[in-house]
Amino acid sequence: QATREEFHAFGEKHITKGVGRITKGIITKGEGSYVTYDDDRKLLDFTSGIGVTSLGHVHPKVSKAAADQCMQIVHAQCSIAMNEPYVRLIERLLTVMPHPTLDSFFFWNSGSEAVEAAIKMARWFTGRQNIICMQGAYHGRTFGAMAPGVFSIPYPYWRQFNLPTDTPGDVLAQEALYQLDLVLAQQTAPSDTAAIIVEPVLGEGGYVAAHPKFLQGLRKVCDKHGIMLIIDEVQCGYGRTGDWFAIQESGVAPDILVIAKGLGNGFPISGVVSRKELTDKLDPGSMGGTYAGNAVACAAAVAVNDAIKEENVLENVNRRSEQLFTALNALKADPDVKNCILDVRGRGLMVGVEFGKGDGYPANLSSLVAKKCIEKGLLILTTSIYEVVRFIPPLNISEEDMKKGIDIFVESVKEVAK
Ligand code: PMP
C-alpha cells in the first residue's frame with residue numbers, strides 16, 4: 001500500500017509535464033465555494049476551476065440531474081439520434097440568448113472545439129478564409145483555436161497603446177477600431193475576411209472589459225462587409241458579468257456565439273449558436289463528434305440553467321461584485337501598499353487586479369500574491385503576461401465567503417508588497 005506521498009509522487013511522475021499545476025496534492029472533494037485536499041487542507045475557491053463551477057462545487061440539483069440521466073442513457077450519440085436533455089437544453093438556452101436571432105445550436109465538449117467549429121462555420125457561411133482576432137486574446141489550446149487568424153488588431157486595453165491606465169474606454173475603442181480599418185485596407189481585404197473573433201471581456205489576456213462602442217463598431221464593420229462576428233463568451237458568458245451574456249450591455253447581435261465553462265458547472269459541454277438561416281447552408285455531417293452534446297452533460301446543463309434562474313444568481317453577482325470592487329479600490333488607494341496596484345477592472349465577478357512592476361516592491365507581484373493567498377487558504381489564479389491576479393469566484397458565493405477571500409487577498413498584498 002503506497003503512502004499518500006508515494007501516491008502523489010507517482011502522479012507527478014506519470015502525468016505529462018505539459019500539464020502545469022499551481023498546487024501540490026490531490027483534490028478529493030468540492031462543496032460550494034470550497035475544495036478539500038487529501039491532507040485535509042480546505043481552500044476557499046476563487047478560481048471556480050477557471051471560471052467553470054459558477055454554482056459552486058457539486059451543486060446538488062446539477063449532480064442529481066446528471067446522476068438521474070446516468071441511469072437513463074449516457075451516450076446517445078448525436079449523429080444517431082437526438083436525446084431529450086439536448087433538446088431541453090435548447091429550450092432553456094432560447095430563453096437567455098443575448099439576441100432573438102440566435103436560434104440554431106450545436107453542442108461540443110470544450111471551448112476550444114467550439115471556437116474551431118465557429119471558425120469553420122464562418123468560413124462556410126462566407127466562402128472566405130481569413131480571420132481577424134485580437135492581440136492578447138485566448139481561444140483555446142487546440143491548433144485551430146491557437147491560430148484563429150494570421151491577422152490581429154489590438155484589444156481596447158491601455159497596455160496595447162501605451163496609454164495611461166485611466167484612458168477612457170471609448171477612446172481606446174476608437175484607437176482599436178482605427179487599427180481594424182488599417183488591417184482591412186492593408187492586410188486582409190474584406191472580400192477575403194470570413195470573421196472577426198472577440199471576447200467581450202478579455203480573459204487570459206488580463207480581464208479587460210471592452211467598451212460597448214468597440215463591440216458596436218465591430219458590428220458595423222462586419223455589417224458593411226458581410227463579415228461574421230464571432231463572440232467568444234467561453235469565459236465571460238453565462239452570468240459571469242451579471243448579465244447572461246457580456247455582449248448584452250452593447251446590444252450587439254453576434255453572428256456566432258461561443259459558450260462553454262459555466263454552461264455545465266463542471267460537466268464538459270460547450271455550444272456554438274448561430275442563425276438557422278445561416279446554419280441551413282451546412283452539409284449534414286459537416287459538424288459533429290463522438291461525444292458532442294453528451295446526454296449527461298446536457299442534463300446537467302439544463303439543471304444549471306434552472307438553478308441560475310430559481311436561485312436569483314445574477315442578482316447575487318451584482319451585489320458581490322459591488323462588494324469586491326469597493327474593497328479592491330480601497331486597497332488600491334491604501335498607502336500601505338505603496339501604489340503597487342495599477343488597475344482594478346472587469347465586470348461582475350470577472351475582476352482583475354493589475355500590479356505594477358518595480359518601484360521598491362518585487363517585480364513578480366501577481367504570482368507572489370497568489371502564492372501567499374494559497375498558503376493562507378484562498379485558491380486564486382493569475383492571468384496574462386502582465387502582473388494580473390483574477391477573481392472568478394462562484395456566482396452564488398455568500399457575502400461572508402466573499403469577505404473572507406477579500407481579507408486574505410488584502411493581507412497577502414500587504415505582506416508581499418512590503
Ligand atoms: N475561449 C476563451 C475565451 C477561454 O477563456 C478559453 C479557456 N480559458 C477557451 C476559449 C478554451 O476553452 P477550453 O479550455 O474549454 O478548450
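Please refer to the structure placed before this passage.
Computed from a predicted model, the values in this text were never measured in an experiment.

Draft legend 1. Layout of the sheet that holds strand β13 (residues 341-347). Spatially, the four strands line up as an open sheet ordered β13-β14-β17-β16, and their pairing is antiparallel. What marks the edges here is a single partner per strand, and that holds for β13 and β16 (381-383). Averaged over all adjacent pairs, the angle separating strand axes in this sheet is 30 degrees, with direction ignored. Pairing of β13 with strand β14 (residues 350-355), which is carried by six bridges, proceeds in the antiparallel orientation. Residue pairing for β14: Arg345 is matched across the bridge by Gly352.

Draft legend 2. A look at the nonpolar core. Formed by 120 residues in total, the largest nonpolar core has its most connected members in Ala118, Ile230, Val258 and Ala300. Of all the elements, helix α11 (residues 295-310) adds the most residues to this core, at 11 residues. Among residues more than four places away in sequence, those in contact with Ile230 are Ala118, Ala122, Ala195, Ile196, Ile197, Pro254, Asp255, Ile256 and Val258.

Draft legend 3. Summary view of the site of the ligand. Neighbouring the ligand are 15 residues; Gly111, Ser112, Gly140, Val234 and Gln235 lie closest to it. Looking at the shell around the ligand element by element, the count peaks at three residues for helix α5 (residues 111-126). The residue makeup of the shell around the ligand, split by class, is five nonpolar, seven polar and three charged.

Draft legend 4. Region of the structure containing the environment of Arg275. Following the sequence through the fold, Arg275 ends up in the loop between β12 (270-274) and α10 (276-279). Between the C-alpha atom of Arg275 and that of Phe7, which follows or precedes it by 268 residues, the distance is 50 Å. With residues up to four places along the chain from it excluded, the contact list for Arg275 reads Thr101, Leu102, Asp103 and Ser104.

Draft legend 5. Summary view of the sheet that holds β12. Strand order in the open sheet formed by seven strands is β4-β12-β11-β10-β7-β5-β6, and the pairing between neighbours is mixed. A strand with exactly one partner marks an edge of an open sheet, and here the two such strands are β4 (104-108) and β6 (151-154). Ignoring which end each strand starts from, the neighbouring axes of this sheet average 20 degrees apart. Contacting β5 (130-135), β6 and β7 (193-198), helix α8 (residues 169-186) runs over the sheet at an angle of about 155 degrees to β6.

Draft legend 6. Seen up close, the pairing of strand β10 (residues 228-232). When you tally the buried positions in β10, you get five out of five residues, the bulk of the element. Of the two faces of β10, both are covered, the one formed by Met228, Ile230 and Asp232 as well as the one formed by Leu229 and Ile231. Inspection of the sheet shows β7 paired to β10 by four bridges, in the parallel sense. Bridge pairing links Ile197 to Ile230 in β10. With three bridges joining them, β10 and strand β11 (residues 256-259) adopt parallel strand pairing. Bridge pairing in β11 links Ile231 to Leu257.

Definitions and limits used
- Residues numbered from 1 in each chain as written.
- Predicted model: local features only at pLDDT ≥ 70, side-chain atom pairs only at ≥ 80, totals over all residues.
- Pairing = 2+ DSSP bridges.
- Helix = DSSP H or I, 4+ residues; strand = E, 2+ residues; numbered from the N terminus.
- Axes fitted to C-alpha atoms, helices over the stretch in contact; angles between N-to-C directions.
- Core = buried A, V, L, I, M, F, W, Y, C linked by C-beta atoms within 7 Å.
- Buried ≥ 20, exposed ≤ 12 C-beta atoms within 10 Å, placed from the backbone.
- Contact = placed C-beta atoms within 7 Å.
- Near = placed C-beta within 6 Å.
- Nonpolar A, V, L, I, M, F, W, Y, C, P; charged D, E, K, R; others polar.

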